[in-house]
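The residues making up each chain are set out below.
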Amino acid sequence: MLCCYRQAVSGRTTSREKRIMADKWTPQEIEPKWQKKWEDDALHRAKIDSSRPKYYAMTMYPYPSGDLHMGHWYAIAPSDTRARWMRMQGYNTLFPMGFDAFGLPAENAAIRRGIHPKEWTYANIERMRIQLRSMGAMFDWDRECVTCDPEYYQWSQWFFRKLYDADLAYKKKAPVDFCPNCNTTLAREQVWGEDRHCERCGTPVIKKDLDQWFFKITAYAEELLDFNHMEWPERVTTMQRNWIGRSEGAEVVFRTENGNHELPIFTTRPDTLWGATFMVLAPEHPLVEELVTDDRRAEVEGYVEQAHRMTDILRETADREKTGVFTGAYAINPVNDERIPIWIADYVLMSYGTGAIMAVPCGDQRDFEFAQKYNLPIPVVVAPKNWDGEPFAEAYVEPGIMVNSGRFNGYPSIGKYSLEEWSPDLAEKYGLPADLRPENEGVRAVTHWLEEKGVGRFAVTYRLHDWLISRQRYWGTPIPMIECPSCGIMPVPYEDLPVTLPEDVQFMPTGESPLKFHEGFRYVKCPTCDEIAERETDTMDTFMCSSWYQYAYMEKHWKGEGALSVDDIPFNAEEGNYWLPVDQYTGGIEHATMHLLYTRFFTKAMRDMGIVDFDEPMTRLYNQGIILGEDGEKMSKSRGNVIAPDDLVHYYGADVVRGYLMFGFRWEQGGPWSSTGVLGIQRFLERVWTLVLEELPAIETPKTPSPDDDQVRALSRKQHQTTRKVTRDMDRFSFNTMIAALMEFTNYMVKAKETSVAQTKTWDEAIETLLLLMAPSFPHISEELWARTGREHSIHQQAWPSWDEELAAEEIITIVVQVNGKVRDRFDAPVDIGEEEAKAQALATPGAQKHLDGRQPLKVIYIPGRLVNIVVK
RNA sequence: GGGCCGGUGGCGGAAUGGCAGACGCAGGGGACUUAAAAUCCCCUUCCUGUAAGGGAGUGUGGGUUCGAAUCCCACCCGGCCUACCA
């Protein structure tokens, strides 16, 4: 398509000095100017407008560390571009911003440098607001939320209270993960990696027995597995699914020989019950103390003690040799009344299932190794089809035939497979029947029989734990609870919220929470009996604040004055009815099993409280990648590879930084920064500046005295094609190809400007379209050029350009000629060329003739508008 | 051990069954300039050839197809997640 226009520009004669050069593009001047103007005009204020469709775009808010780094820009600027694009497409768009302002760094700064966390945090927020403003984003600052404002956290406390009333918050003494560096407990989700380290500081965690507050997120485990009606990346839903870790099986009740205690176990393989030759309890199991016989007591206590001291890191190393001790006690296997020994071993975890297992050495490799080591019997109960009757050398976990299992002998058992998965292929592989139903398949049949006998039942177990939200830190939302010596645990009445965080506190070098030592805060009258009672001195996990901030954006400091009540709605309902839920959420994948799970839980709980009428907080989610230093490593001060966005904005302007962040990478993948790559965007914007502002050459181009139709049509075609491409790429977050299309269009126009096409109305339309297409990505320069070319109002209030498929369509296409799949020639043809005509022309091309070399084509394949493949011999 | 994502020029990346390498960076050559910068034009996957051309080529090996970077199977490498989950 470039060919026709190459001809047109081949006769260019104009000399550059005849032109009047435009003044230079100085982003340092125009960017602050427009930012101020937009703010003065309240351009970005999002107001309810029932005549337009709404669009709630949201990006994860930053922690106010005091410096907006490249990662923030990378996450926020492209999100802003897309929100702006939606706005130009006619959606009434809300794109808010706020600060995740509670948290440890503030407190650490206080301990180390003597600055009050509040002062530190608000000063950082002030600085980051300025940095965020330099981005030129369309944030509606009127809705900004700052989670450490009492007007904000009173609602966090209100939520706590509501969850408590709904029986979704409870206090429990439990062995919990504790970070010795941060001096606080952590939720399961906040313990990362193989070495089980603190998500924030990287220190390995230890176990502590503490009385802590939990949210009953497990009540929603099943519903949280439902990802229908939401468009979230599969990566995230898979991670959440694995984290929730649903598994189906049976709960079977064993009984102890002495004392007749119930000893329920969970198993995914009830069909192997006849092979259970011993039981194993977790060392922490509450019955251990009672069951252990006197002759075994010393050894058992020693083992329990040792297991307790051992870190989880060691305990959970899978390839460690199994250890355990016999308790001296026996249990009765309910299916055959056999007497089996009860052991304790640290490979059984108290935190999963019932903390006790039946050990089936023939069907579980861990049990097998344990049985071998301690000389316990290994009878076979599920065998492969052609089993020779010999003892197993290792556990057999695949589908097989039940043996030695009483009335179930001969039943096929498909083990880990579900009936839905069971296919003829699998049946053949294992030599089992293909037609399996709950009645004739071992696992299901045994479960049914257990239920009839009353010793077991179908059961589902989740890996998901309740969310531990207590933090032994000062700089967080106080938990609104009081413990009274006579009345017990009492919630702070709704009307008394907020429980204000006292400011006159002393920070301990030990890292202990100053709230524990603040008498005025700690001691309080019981809301019921007026006796002196104690306040909860722990504060909430900051993920509590972020679980509902999308609702806080409905109105800043909603009901900031006056008492709260149980019947309140935690946001402006009118705004909420209009904007909610979030249509598009963007942010990092690192929150997949934390924030993104918690906020789903919150919304479901809110729905059940009657506060909202939808099930999911964010309809669509998209995750950007990570921007690395030039050396390909993660940016860090210690590596010295940090690129500071402030410096770049100062030097190149925000539009260039935004542009490079969108152009240089696939957004979801990220990648290394390139300081020369940025120059490409700078050159591009300079080209656009010149293209739009530089005066046209005097009309003296002799070779093309009047614009010819082909040129005009070609320019218009390019414009419509670009509009189509940019629109589609915006929709799929393909910012890099979107900007490439803008560059191509610009390059085309720079060349076309040398011809008389630049004096046409079509030219003006093309310039205008280019500016409009650039507006979401490059808000400042496009606004400046819009104004300088005498166009009215803000460019950001204009409608997104549309395209016409007919005008975008090519008239002449190039058809590739292949012989046996190799390109041998090509020819130009009208777009509507018929199949026979195309084939005939292809066969006639010199390239085809040469490579056919007289041979008769076996087959000729025509792909309309693309190619002809001639197959020979 | 399991799961997911990825592997394309010197580099970032494009192309999701139909011309591999769009767009950009870096590099080379040229124009302009007293000179440089900036700007503009041309070249730039590799091998072979003066050229026209020919051959090879998307981690490796196989397969499906007229045709594969793209789909299927096996393997190698890198990254992320998860891990004694009963």
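Use the structure listed above.
Note that the structure is predicted; figures quoted are calculated from it, not measured.

*Asks:* Go over the overall build of chain A with me, naming the residues and quoting the values.
*Replies:* Per the secondary structure count, chain A includes 29 helices and 34 strands. Along the first, second and third principal axes, the C-alpha set of chain A runs to 110 × 85 × 50 Å. For chain A, with 873 residues in total, the buried portion stands at 54%. Intrachain contacts of chain A at a sequence separation of at least 6 include 73% that bridge at least 24 residues. By element, 49% of the accessible surface of chain A is carried by carbon and sulfur atoms, the whole surface being about 38900 Å². Considering chain A, the positive charge centre built from 98 side chains and the negative charge centre built from 131 side chains are found 5 Å apart.

*Asks:* How would you summarise the packing of aromatic side chains if you had to cite specific residues and measurements?
*Replies:* Taken as a whole and judged by the stated rule, the model has 56 aromatic pairs. With 3.8 Å between their ring centres and 25° between their planes, Y61 and Y549 make a pair best called stacked. Here Y549 lies in helix α17 (residues 549-552) and Y61 lies in the loop between β1 (54-59) and α3 (70-88), a separation of 488 residues in the sequence. Their ring planes at 70° and their centres at 5.3 Å tell us that W155 and W158 sit as a pair that is edge-to-face.

*Asks:* So what's going on with the pairing of strand β31 (residues 812-819)? Residues and values would help.
*Replies:* Most of β31 sits inside the fold, with six of its eight residues counted as buried. As defined by bridge partners, β31 adjoins strand β32 (residues 822-830) across eight bridges and the pair is classed as antiparallel. Residue pairing for β32: I812 is matched across the bridge by P830. Here β31 pairs with strand β34 (residues 867-872) via four bridges, running parallel. Residue pairing for β34: V817 is matched across the bridge by V868.

*Asks:* How would you sum up the sheet that holds strand β18 (residues 412-413)? Please name residues and give values.
*Replies:* The strand order β16-β17-β18 describes an open sheet built from three strands, whose pairing is antiparallel. Pairing within the sheet leaves two strands with one partner each, and these edge strands are β16 (382-383) and β18. Summarising the sheet, strand β17 (residues 400-402) and β18 pair through two bridges and their orientation is antiparallel. From the neighbouring strand, I401 faces β18, where its bridge partner is P412.

*Asks:* Account for the nonpolar core, naming residues and giving values.
*Replies:* Formed by 176 residues in total, the largest nonpolar core has its most connected members in W73, F215, W467 and W673. For W73, the contacting residues outside a window of four places in its chain are L68, P78, Q131, S134, M135, P645, V649, A654, V657, R658 and L661. Counting residues in each nonpolar core, the second largest holds 63 residues, with A250, F278, F326 and A395 among its members.

*Asks:* Could you give an account of the protein's contact with RNA strand B, with specific residues and numbers?
*Replies:* By nearness alone, 54 residues border RNA strand B, and K322, R366, G664, R687 and R826 come closest of all. Put simply, 64% of the atoms of RNA strand B that lie within 4 Å of the protein are in sugar or phosphate. Between R666 and RNA strand B, the recorded distance is 3.5 Å, taken from a side-chain N or O atom to a phosphate oxygen. One of the side-chain nitrogen or oxygen atoms of H851 is found 3.2 Å away from a phosphate oxygen of RNA strand B. Per element, the largest residue contribution to the surface near RNA strand B is seven residues, and it comes from helix α24 (residues 735-752). Classifying every residue of the surface near RNA strand B gives 18 nonpolar, 14 polar and 22 charged.

*Asks:* Please provide a residue-by-residue account of the packing of helix α23 (residues 709-731) against helix α25 (residues 761-774), values included.
*Replies:* Where α23 contacts α25, the axes come no closer than 10 Å and their chain directions differ by 15°. Classified by the interaxial angle, the pair formed by α23 and α25 is roughly parallel. The interaxial crossing formed by α23 with α25 has left-handed handedness. Residues V712, L715, S716, Q719, H720, T722, T723 and V726 of α23 form the contact with α25, whose own contacting residues are T762, W763, E765, A766, T769 and L773. Of the residues that constitute the contact of α23 with α25, the class distribution is six nonpolar, seven polar and one charged.

*Asks:* Pulling in residues and values, what's your account of the packing of helix α22 (residues 677-693) against α24?
*Replies:* Remark: α22 packs on α24, axes separated minimally by 10 Å, with the N-to-C direction vectors making an angle of 40°. When the axis of α22 is compared with that of α24, the two are oblique. As α22 packs across α24, the resulting crossing turns out to be left-handed. On the side of α22, the interface is formed by G680, I681, F684, R687, V688 and L691, while α24 contributes I739, L742, M743, T746, N747, M749 and V750. In terms of residue class, the contact of α22 with α24 is built from nine nonpolar, three polar and one charged.

*Asks:* Could you give an account of the state of the cysteines, naming the residues involved and the relevant values?
*Replies:* Under the definition given, this model contains zero disulfides. Distance from the sulfur of C148, which forms no disulfide, to the nearest cysteine sulfur (C545) is 8.9 Å. Cysteine C487 is unpaired, with the sulfur of C529 as its nearest cysteine sulfur at 3.5 Å.

*Asks:* Run through unusual backbone geometry, naming residues and quoting values.
*Replies:* Trans is the prevailing form of peptide bonds, just as negative phi is the prevailing case for residues other than glycine. Cis geometry is found at the peptide bond from L497 to P498, where omega equals 0°. Note on placement: P498 falls in the loop between β23 (488-491) and α15 (519-522). The omega torsion across L580 and P581 is -10°, close enough to zero to call that bond cis. Position of P581 among the secondary structure elements: in the loop between α18 (573-579) and β27 (582-588).

Rules behind the numbers
Throughout, a residue's number is its position along its own chain's written sequence, starting from 1. As a convention, the first chain written is A and the first ligand written is 1, with the rest following in written order. This being a predicted model, a pLDDT of at least 70 is required before a residue's local features are given, and a value of 80 or more before pairs of side-chain atoms are given or counted; all residues contribute to the totals for chains, interfaces and linings. Side-chain numbers here rest on the full set of heavy atoms in the structure, without hydrogens or water. Helix and strand assignments come from DSSP, with helices taken as H or I runs of at least 4 residues and strands as E runs of at least 2, each series counted from the N terminus. Only protein chains enter the area calculation, which uses a 1.4 Å probe; residues under 20% of their type maximum are buried, those over 50% are exposed, and those in between are partly exposed. In this description, contact between two residues means that some pair of their heavy atoms is separated by no more than 4.5 Å. Reported accessibility uses the Shrake-Rupley method at a 1.4 Å probe radius. Residues are deemed covered only where the shown protein chains occlude them. In this tally, Asp and Glu contribute negative charge and Lys and Arg positive charge; neither His nor the terminal groups of the chain are included. Charge coordinates come from a single atom per side chain, which is NZ of Lys, CZ of Arg, CG of Asp or CD of Glu. Aromatic rings from Phe, Tyr and Trp, with only the six-membered ring used for Trp, were paired whenever their centres fell within 6.5 Å, and each pair was classed as stacked if the ring planes differed by under 30 degrees, edge-to-face if by over 60, and tilted otherwise. For two strands to pair, DSSP has to find at least two bridges joining them. To qualify as a nonpolar core, a set must consist of buried Ala, Val, Leu, Ile, Met, Phe, Trp, Tyr and Cys residues joined through side-chain atoms within 4.5 Å. Residues are labelled near a given molecule or strand when at least one of their non-hydrogen atoms is within 4 Å of it. Each polar contact in these results corresponds to two N or O atoms within 3.5 Å; when the atoms are within protein, one needs to be able to donate a hydrogen and the other to accept it, and residues that are neighboring in sequence are counted only if both atoms are side-chain atoms. Residue polarity is assigned by list, with Asp, Glu, Lys and Arg as charged and Ala, Val, Leu, Ile, Met, Phe, Trp, Tyr, Cys and Pro as nonpolar; anything else, Gly included, falls into the polar class. Axes here mean lines fitted to C-alpha atoms, for a helix over just the part in contact, with angles spanning 0 to 180 degrees between N-to-C directions. Orientation is classified from the angle alone, with under 35 degrees giving roughly parallel, over 145 giving roughly antiparallel, 65 to 115 giving roughly perpendicular, and any other angle giving oblique. A clockwise turn of the near helix away from the far one marks a right-handed crossing, whereas an anticlockwise turn of less than a right angle marks a left-handed crossing. Cysteine sulfur pairs qualify as disulfides if the two atoms are within 2.5 Å.

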